[in-house]
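These are the residues of each chain, in order.
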Amino acid sequence: MTRRPITIIGGGIGGLVLALELHAAGIPCRIYEAAPSLRPLGVGINILPHASEVLAGLGVLDRLAAIAVETKESVFYNRFGQLIYAEPAGRFAGHSHPQLSIHRGDLQLTLADIVIERLGDDAIVLDHACVGVDQDDEGITARFRSTATGEALASVDSEVVIGCDGVHSVVRKQFHPDEGKPRYSGVLMWRGTTVARPFLTGASMVRAGWLDTGKLVIYPIRDNIDDDGNQLINWVAEIERPHDGDRDWGRRGELADFLPAFADWNFDWLDVPALLRSADSVLEYPMVDQEPLNRWTFGRTTLLGDAAHPMVPRGSNGAGQAILDAHRLRVALEAEADPVAALQVYEEDRRPKTGAVVLANRTTPPDAILREVWQRTGDQPFDNIDDVISTQELAAMSRRYREITGIDSEVSAGQKS
């Protein structure tokens, strides 16, 4: 087992779960986070059952479920409000663990609180931006600077460094300096949250429309937030648009840039334009990914989560795959006396699997169902969905994506070994 604490670069979801996994295994570690403070960033995300199982194993799932919405179903509509397909989700689909819809900030800050409770007040070191790593046969050194002031900070020696530093990963850039710009999918997305009445089951994840004319993903992420029984509803609007900017999760968006595409989306169960207009704020983000890498591990350092496999955010798998990474790395470090060998074992297992998810999110994510119906109907209303596509074909499309991402198998069928 390692003699010095493992250095985790990045206090996002992947880094926090990794710290909890390592602590559970008795492996010392410390997180170094670039931000001077942890703030509730982003909007909604989903934790699918295979990732929920990992969180349950860490003893944190109940705490997260208390601040989330347990998703009951995944439903697909065209832009005319006609139901295409519905399937149960999480435990309602027979999984042993739930699918949770949750605010990303709630998830991150709760995990951070648990890390500090279990590992101590010094478990997360803030205002430490990694600027690179140096290594030899004896160990590895991570170099830092202050995000707030730009001054150099003391370096940290350890036996292993794990790059959990997200889509702008410095660790990834050091070992893949010629990788080039992210691959833009051609789709811009705008994200926001709105306080509104529950719709459908009150725990439904809705995907509607298609990218040429506008697509929406809508689901609740907080229950009963006021005396009127309202929920906090997360929504994502997606439209094909040119874009040449960078990936900035905090970039502000403008309603005027996308609202006209959804002006007549007034369904029996939801007034979509009113939902969008009532958002507290709007964020804009290009749907980008990068080609799967041929290598994550370089001696005493490896990558995890978005630093390893940034993917187009379709299919609710970004955070989940980072959580699965963290669990598999813990298992490898427990099993291998040599931490360098453990990093290779981890990569050999996770890199092919996550590469397949990156590629599936480009071409055959769950919302490929919407694309198929859009193409077959010519973007027109249908009289009967069975005349357009059979339920069996729709179910098969959904099942293929679940097989690629490992959702149906959950952790017990392949991630613990």
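Right, let's walk through the structure included here.

Criteria and cut-off values
Residues numbered from 1 in each chain as written. Predicted model: local features only at pLDDT ≥ 70, side-chain atom pairs only at ≥ 80, totals over all residues. Heavy atoms only, no water. Phe/Tyr/Trp six-rings, centres within 6.5 Å; stacked < 30°, edge-to-face > 60°. Helix = DSSP H or I, 4+ residues; strand = E, 2+ residues; numbered from the N terminus. Buried < 20%, exposed > 50% of the residue type's maximum accessible area, 1.4 Å probe, protein only. Polar contact = N/O pair within 3.5 Å; in protein donor to acceptor, adjacent residues only side chain to side chain. Contact = heavy atoms within 4.5 Å. Pairing = 2+ DSSP bridges. Axes fitted to C-alpha atoms, helices over the stretch in contact; angles between N-to-C directions. Parallel < 35°, antiparallel > 145°, perpendicular 65-115°, else oblique. Left-handed = near helix turned anticlockwise from the far one by under 90°. 1 Å grid on protein atoms, 1.4 Å probe; cavity = no way out; pocket = protein on both sides within 12 Å on 5 of 7 lines; lining within 4 Å. Points joined across faces, edges and corners; volume = space filled by probe spheres on them. Nonpolar A, V, L, I, M, F, W, Y, C, P; charged D, E, K, R; others polar. Disulfide = S-S within 2.5 Å.

A look at the packing of aromatic side chains
Next up, step 1: Following the criterion strictly, the structure yields eleven aromatic pairs and no others.
Next up, step 2: Geometrically, the ring pair formed by Tyr77 and Trp269 is tilted, given 5.0 Å between the ring centres and 45° between the ring planes. Of this pair, Tyr77 sits in strand β5 (residues 73-77) while Trp269 sits in the loop between β16 (231-240) and α6 (272-277), and the two are 192 residues apart along the sequence.
Next up, step 3: Judged by relative accessible area, which is 8%, Tyr77 ranks as buried.
Next up, step 4: Exposure remark for Trp269: the relative accessible area of 19% places this residue in the buried category.
Next up, step 5: Ring pairing ties together the aromatic residues Tyr77, Phe199, Phe262, Trp265, Phe267 and Trp269, which thus form one cluster.

A short note on the side chain of Ser158
Next up, step 1: Residue placement: Ser158 occurs in strand β11 (residues 152-158).
Next up, step 2: For Ser158, the side chain forms a polar contact with the side chain of Thr7, separated by 3.1 Å.
Next up, step 3: Those residues within four positions of Ser158 in sequence are excluded, and the remaining contacts are Arg4, Pro5, Thr7, Gly139 and Ile140.

Side note on the sheet that holds strand β3 (residues 44-47)
Next up, step 1: Reading across the sheet, the three strands line up as β3-β7-β4 and stay open at both edges, with antiparallel pairing between neighbours. With partners counted over all chains shown, the strands left at the sheet margins are β3 and β4 (69-70), one partner each.
Next up, step 2: Alignment of β4 against strand β7 (residues 100-103), held across two bridges, turns out to be antiparallel. The partner of Val69 across the bridge, within β7, is Ser101.

Considering unusual backbone geometry
Next up, step 1: We note that Leu200 has phi near 50°; this positive angle belongs to a residue other than glycine.
Next up, step 2: Examined against the element boundaries, Leu200 turns out to sit in the loop between β13 (183-196) and β14 (204-210).
Next up, step 3: Positive phi outside glycine occurs at Asp379, with the angle close to 60°.

What to know about the sheet that holds strand β10 (residues 140-145)
Next up, step 1: With antiparallel pairing, three strands are arranged side by side in an open sheet as β9-β10-β11. Looking at which strands have only one partner, the edges of the open sheet turn out to be β9 (129-135) and β11. Averaged over all neighbouring strand pairs, the angle between strand axes comes to 20°, with direction disregarded.
Next up, step 2: Pairing of β9 with β10 involves six bridges; the strand directions are antiparallel. Following the sheet pairing, Gly132 is matched in β10 by Arg143.

Focus: helix α9 (residues 368-377)
Next up, step 1: Every buried residue of α9 is accounted for by Ala368, Ile369, Leu370, Val373 and Thr377.
Next up, step 2: Note on α9: the residue one or two positions beyond its end, Gly378, has a positive phi of about 65°.

Re the packing of helix α1 (residues 13-24) against helix α7 (residues 318-335)
Next up, step 1: Running from amino to carboxyl end, α1 crosses α7 at an angle of 30°, the nearest separation of the two axes being 9 Å. Considering their axes alone, α1 and α7 lie roughly parallel with respect to each other. Seen from above, α1 lies across α7 with right-handed handedness. On α7, the residues that touch Ile13, Gly14, Val17, Leu18, Glu21, Leu22 and Ala24 of α1 are Ala319, Ala322, Ile323, Ala326, His327, Leu329, Arg330 and Leu333.

Notes on the layout of surface pockets
Next up, step 1: Estimated volume of the second largest pocket: approximately 310 Å³.
Next up, step 2: If you list the elements that add at least two residues to the lining of the second largest pocket, you get β6 (83-88), β14 and α10 (391-405).
Next up, step 3: Broken down by element, the residue count for the lining of the second largest pocket peaks at three residues, all from α10.
Next up, step 4: Partitioned by chemical class, the residues of the lining of the second largest pocket number nine nonpolar, seven polar and four charged.

Quick look at the pairing of β7
Next up, step 1: Neither face of β7 is exposed, since Leu100 and Ile102 on one face and Ser101 and His103 on the opposite face are all buried.
Next up, step 2: Direction of pairing for β3 relative to β7: antiparallel, over a ladder of four bridges. Looking at β7, one finds that Gly44 is bridged to His103.

Examining the packing of α7 against helix α8 (residues 339-363)
Next up, step 1: For the pair α7 and α8, the least separation of the axes is 8 Å and the interaxial angle reads 155°. Judged by the inter-axis angle, α7 sits roughly antiparallel to α8. The chirality of how α7 crosses α8 is right-handed. Across from Gln321, Leu324, Asp325, Arg328, Leu329, Ala332 and Leu333 in α7, the residues of α8 making contact are Pro339, Ala342, Leu343, Val345, Tyr346, Asp349, Arg350, Thr354 and Val357.

Considerations on the state of the cysteines
Next up, step 1: Scanning the model with the defined rule gives zero disulfides in all.
Next up, step 2: Here Cys130 stays free of any disulfide, with the sulfur of Cys164 as its closest cysteine sulfur at 11 Å.
Next up, step 3: There is no disulfide at Cys164, and the cysteine sulfur nearest it, in Cys29, is 10 Å away.

What to know about empty space enclosed by the protein
Next up, step 1: All chains considered together, the criterion is met by one cavity of 30 Å³ or more.
Next up, step 2: If you add up the space inside the largest cavity, you get close to 90 Å³.
Next up, step 3: Residue lining of the largest cavity: 15 residues in total, with Asn78, Arg79, Trp374, Thr377 and Asp379 positioned closest to the centre.
Next up, step 4: Those elements that place two or more of their residues in the lining of the largest cavity are β14 and α9.
Next up, step 5: It is α9 that contributes the most residues to the lining of the largest cavity, four residues altogether.

Honestly, it's all geometry; don't read function into it.
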